[in-house]
Amino acid sequence: GGSSVQIMGDAKTLRVVKEGPPQQAFEGCFDKVFGTSENQEVVYASVKDSVRRVLDGVNASVLAYGQTNTGKTHTMLGPFDSVGLKADGKLAP
């Protein structure tokens with residue numbers, strides 16, 4: 001069997017269903033869930049305050065979930081000179 005990922009209408013709840021016998025499901029509530037159409041600017045705008053707090057020593061986490069080779073690392077890190085990163089790898093203001 002396959003599996004499916006559903007973003008619920010509140011854009012904060014993610015449901016993962018593994019078909020099968022037996023069918024298994026996980027549902028989690030997060031501060032924000034991004035769909036496949038969200039770009040790097042939207043993701044960064046949402047997490048930049050958490051990133052800054054981590055640099056100040058406060059705990060935070062960002063979870064990137066998805067199928068292999070779908071761009072999670074690129075979305076989280078992006079190319080240099082993109083939103084949030086400068087060529088030297090430091091955070092942009």
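Residues numbered from 1 in each chain as written. Predicted model: local features only at pLDDT ≥ 70, side-chain atom pairs only at ≥ 80, totals over all residues. Heavy atoms only, no water.

1. Some details on the layout of surface pockets
So, point 1. Computed from the structure, the largest pocket encloses a volume of approximately 1100 Å³.
So, point 2. What lines the largest pocket is a set of 31 residues, among which Val 33, Phe 34, Leu 63, Ala 64 and Tyr 65 lie closest to the centre.
So, point 3. Where the lining of the largest pocket is concerned, the elements lending two or more residues are strand 1 (3-7), helix 1 (40-55) and helix 2 (72-77).
So, point 4. By residue number, the principal contributor to the lining of the largest pocket is helix 1, which donates 5 residues.
So, point 5. A breakdown of the residues in the lining of the largest pocket according to their chemical character gives 13 nonpolar, 14 polar and 4 charged. (1 Å grid on protein atoms, 1.4 Å probe; cavity = no way out; pocket = protein on both sides within 12 Å on 5 of 7 lines; lining within 4 Å. Points joined across faces, edges and corners; volume = space filled by probe spheres on them. Helix = DSSP H or I, 4+ residues; strand = E, 2+ residues; numbered from the N terminus. Nonpolar A, V, L, I, M, F, W, Y, C, P; charged D, E, K, R; others polar.)

2. Quick look at the pairing of strand 3 (residues 24-29)
So, point 1. Where strand 2 (residues 13-18) meets strand 3, 6 bridges bridge the pair, whose relative direction is antiparallel. When the bridges of strand 3 are listed, Val 16 appears paired with Phe 26.
So, point 2. Between strand 2 and strand 3, which pair antiparallel and follow one another directly, the connecting turn spans 5 residues, one of which, Gly 20, has a positive phi of 155°. (Pairing = 2+ DSSP bridges.)

3. Concerning unusual backbone geometry
So, point 1. Between Pro 21 and the following residue, Pro 22, the backbone shows a cis peptide bond with an omega angle of -15°.
So, point 2. Turning to its location among the elements, Pro 22 is positioned in the loop between strand 2 and strand 3.
So, point 3. Positive phi outside glycine occurs at Ala 11, with the angle close to 60°.
So, point 4. Along the chain, Ala 11 turns up in the loop between strand 1 and strand 2.

4. Considerations on the sheet that holds strand 3
So, point 1. Here we have 3 strands laid out as an open sheet, ordered 1-2-3, and antiparallel in their pairing. Looking at which strands have only one partner, the edges of the open sheet turn out to be strand 1 and strand 3. Sheet twist, expressed as the average angle between the axes of neighbouring strands with direction ignored, equals 10°. (Axes fitted to C-alpha atoms, helices over the stretch in contact; angles between N-to-C directions.)

5. Section: helix 1
So, point 1. Considering bend angle alone, the principal kink of helix 1 is centred on Val 47 and spans about 50°.
So, point 2. All of the buried residues along helix 1 are Gln 40, Val 43, Tyr 44 and Val 47.
So, point 3. Residue Asn 39 occupies the N-cap position of helix 1, its side-chain oxygen lying 3.0 Å from the main-chain nitrogen of Glu 41.
So, point 4. At the C-terminal side of helix 1, Gly 57 shows a positive phi close to 100°. (Bend = angle between axes of the 7 residues up to and from the residue. Buried < 20%, exposed > 50% of the residue type's maximum accessible area, 1.4 Å probe, protein only. Polar contact = N/O pair within 3.5 Å; in protein donor to acceptor, adjacent residues only side chain to side chain.)

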